[in-house]
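For reference, the chains in residue letters:
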Amino acid sequence: LPDGAEKTLQRLTDDRLILAGAAGGWDITNLGAILFARNLEQFKGLGRKAARIVFYEGRGRLATLREHVIRKGYAAGFTCLVDFLNAALPRNEVIGRALRKEVPMYPEVAVRELAANALIHQDFSVTGAGPMIEVFSDRMEITNPGLPLVKTERFLDTPPRSRNEALASFMRRI
């Protein structure tokens, strides 16, 4: 951590999380809010960018079992998002030689990476929509607003590109 309040404020300014305000205080940028808000709905235009998790009965979208919204900023709430999702996803019981063990149906590392990519690579110019994770009896679908920067058939052999480089860079660092 920086040594002292002045250096901390300078570091936050360098990362474009805050700006010096006209009245002498500090203003939170959209980047600062999307990363660290306690409640994204308190920031104009960011309320719908909260991550939604929807659980459905069966294989279709006819019957919703429950819905959960992570209203915290992406950096502040990422652990909550991943922990909630991993705890709620189905597990298989594997019987070993002597003990039974629960094994997640979806690898926790994959869930974390897919959730992070959905948050980071969304198109923020698309209003009224945010990242969504839908859980069905036979699959999980993770979507975000905007079109991919790379053709879907080229995902595996194209170098990575980021739509939101400042957000991606900061999330990578922390």
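Bear in mind the structure is a predicted one, so any value in this text is a computation, not a measurement.

The next subject is unusual backbone geometry. If you check the backbone angles, Arg16 has positive phi at about 60° while not being a glycine. Summarising the element assignment, Arg16 is placed in the loop between helix 1 (5-14) and strand 1 (18-20).

On to empty space enclosed by the protein, then. This structure, assessed with the given rule, holds 3 cavities of 30 Å³ or more. Taken as a whole, the largest cavity spans an internal volume of roughly 40 Å³. Residue lining of the largest cavity: Ala51, Ile70, Lys72, Gly73, Tyr74, Gly77, Phe78, Leu81 and Leu119, and that is the complete set. Residue contributions to the lining of the largest cavity peak at 4 residues, all from helix 3 (residues 74-88). Class assignment of the residues belonging to the lining of the largest cavity gives a composition of 6 nonpolar, 2 polar and 1 charged.

Glancing now at the layout of surface pockets. As a volume, the largest pocket reaches approximately 680 Å³. Forming the boundary of the largest pocket are 19 residues, of which Asn117, His121, Pro148, Phe155 and Arg161 lie nearest the centre. Those elements that provide at least two residues to the lining of the largest pocket are helix 4 (108-120) and strand 8 (140-143). Here the lining of the largest pocket gets 3 residues from one element, more than from any other, and that element is helix 4. Per-class residue counts for the lining of the largest pocket are 10 nonpolar, 6 polar and 3 charged.

Rules behind the numbers
- Residues numbered from 1 in each chain as written.
- Predicted model: local features only at pLDDT ≥ 70, side-chain atom pairs only at ≥ 80, totals over all residues.
- Heavy atoms only, no water.
- Helix = DSSP H or I, 4+ residues; strand = E, 2+ residues; numbered from the N terminus.
- 1 Å grid on protein atoms, 1.4 Å probe; cavity = no way out; pocket = protein on both sides within 12 Å on 5 of 7 lines; lining within 4 Å.
- Points joined across faces, edges and corners; volume = space filled by probe spheres on them.
- Nonpolar A, V, L, I, M, F, W, Y, C, P; charged D, E, K, R; others polar.

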